[in-house]
Amino acid sequence: MSESGRIAWPAGQPVWTFDWRLADSPDEEGIVVLRAAYRGHQVFAKASLPSLRVQYDGPCGPYKDPLNHDNSHPTRRCPRTRVCAYASGSGAQSALNLESYHTIGAYRLTHRWVFRADGVVLPRLFSAGLQCPFDHRHHTYWRFDFALDGVPRDLGLEYNTYAPDEGWGAGWHPFRTETTRVKNPASRRSWAVLNKDSGRGYHLLPGPNDGTADAFSTSDLWLLRYHGSEDRHGRQGSAAADGLGAYLNGEDTDGQNLVVWYCGHLVHHVSDAGRDWHAVGPDLVPLGPTGHALAGSSLRPMWHWPDEGGGGARAGG
């Protein structure tokens, strides 16, 4: 089985429209967002969470955990469906939330997309549970297939406090070919993708709990030119390796159709015995004529956390 649907939110005067699906195995992408548009301007062709790899300090694993309809469950908030859509907040902070709750072994996982009225997108994974009695990290890989204004004229950029002005504002460096990058909190490193014609785009800001690459998961961001054959619906890589290096071959990315893979590295300490929920995920902030200025500032909105069973919430930050 699987579930799918169409969102136009809020009803009557929608600012966000998109299709979604949560598929059966062998697809392992969590909730997939398709053809997403904000105020009539296309943002994503597809956005998904195709890979979740778990690395233990002890003898367990590694694991590659699928997020699919097979291991999802209804929740108290939505007892008749496995994908739950609901509104939260008010004013600019009002949002449409789309989430699914999964169990894999001893892990409890909530996969959530938050689409705010101001255009901000918050991809999140919340995790609790302990499969083995050792510290471990969940390496969470999102794939953002941008389709800014529906025209494949994208440019990828990176911000660092120390970088000169190369024509895109102080701190911003444009990438002309495919690349892979690692976070650098000291320079407030972040990334952006812009449409070169309209100037609209999105600023990707690493989350406060997203960690940094290590020997097991060696990069935090991959900027790639789109190829349909490289969208494998979660079947790329393995527990031991993410497999993304095979897509990196130095192709031209200036004014092309771009895909961004982003990885957050979520630490679980054995001392909390798997009881506490932990969260990982970046903030995607709109840029350009209908968004924020291209700058190195950060945005830290409030998160709301799942409780057991994925229904209800408590405030978090």
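Calculation rules
Residues numbered from 1 in each chain as written. Predicted model: local features only at pLDDT ≥ 70, side-chain atom pairs only at ≥ 80, totals over all residues. Heavy atoms only, no water. pLDDT = per-residue confidence, 0-100. Contact = heavy atoms within 4.5 Å. Helix = DSSP H or I, 4+ residues; strand = E, 2+ residues; numbered from the N terminus. Buried < 20%, exposed > 50% of the residue type's maximum accessible area, 1.4 Å probe, protein only. Pairing = 2+ DSSP bridges. Disulfide = S-S within 2.5 Å.

Right, let's talk about the confidence of the model for the chain for a bit. Looking at the chain, the pLDDT average stands at 90 and 91% of residues meet or exceed 70. When the criterion is pLDDT under 50, residues 297-303 qualifies, and its contacts beyond four places in sequence or with other chains add up to 30 contacts. Low pLDDT (under 50) marks residues 310-317, which in the prediction has 24 contacts with non-local residues, meaning those over four places away or in another chain.

What follows concerns the side chain of S48. Structurally, the position occupied by S48 is in strand 4 (residues 41-56). For S48, the residues in contact, after removing those within four places along its chain, are E29, I31, V32, W113, Y141, W142 and R143.

What follows covers the pairing of strand 17 (residues 221-225). Within strand 17, four of the five residues are buried, which leaves it mostly tucked inside the rest of the structure. For strand 14 (residues 179-181) and strand 17, the ladder comprises three bridges, and the chain directions are antiparallel. In the strand pairing of strand 17, T179 is matched with L223. Two strands pair when backbone bridges link them, and strand 17 and strand 18 (residues 258-268) are joined in this way by five bridges, in the antiparallel orientation. In the strand pairing of strand 18, R225 is matched with L258.

What follows concerns the state of the cysteines. Tallying each qualifying case throughout the model produces two disulfides. Each disulfide pairs two cysteine sulfurs, and for C60 the partner residue is C132, the sulfurs being separated by 2.2 Å. What sets the handedness of the C60 and C132 disulfide is the S-S torsion sign, and at about -110° it is left-handed. Residue C60 is located in the loop between strand 4 and strand 5 (63-64), and its partner C132 is located in the loop between strand 10 (121-128) and strand 11 (136-146); the two are separated by 72 residues in the primary sequence. Overall, the relative accessible area of 16% leaves C60 in the buried class. A sulfur-sulfur distance of 2.0 Å marks the disulfide that ties C78 to C84. The disulfide joining C78 to C84 has a torsion of about 55° about its S-S bond and is therefore right-handed.

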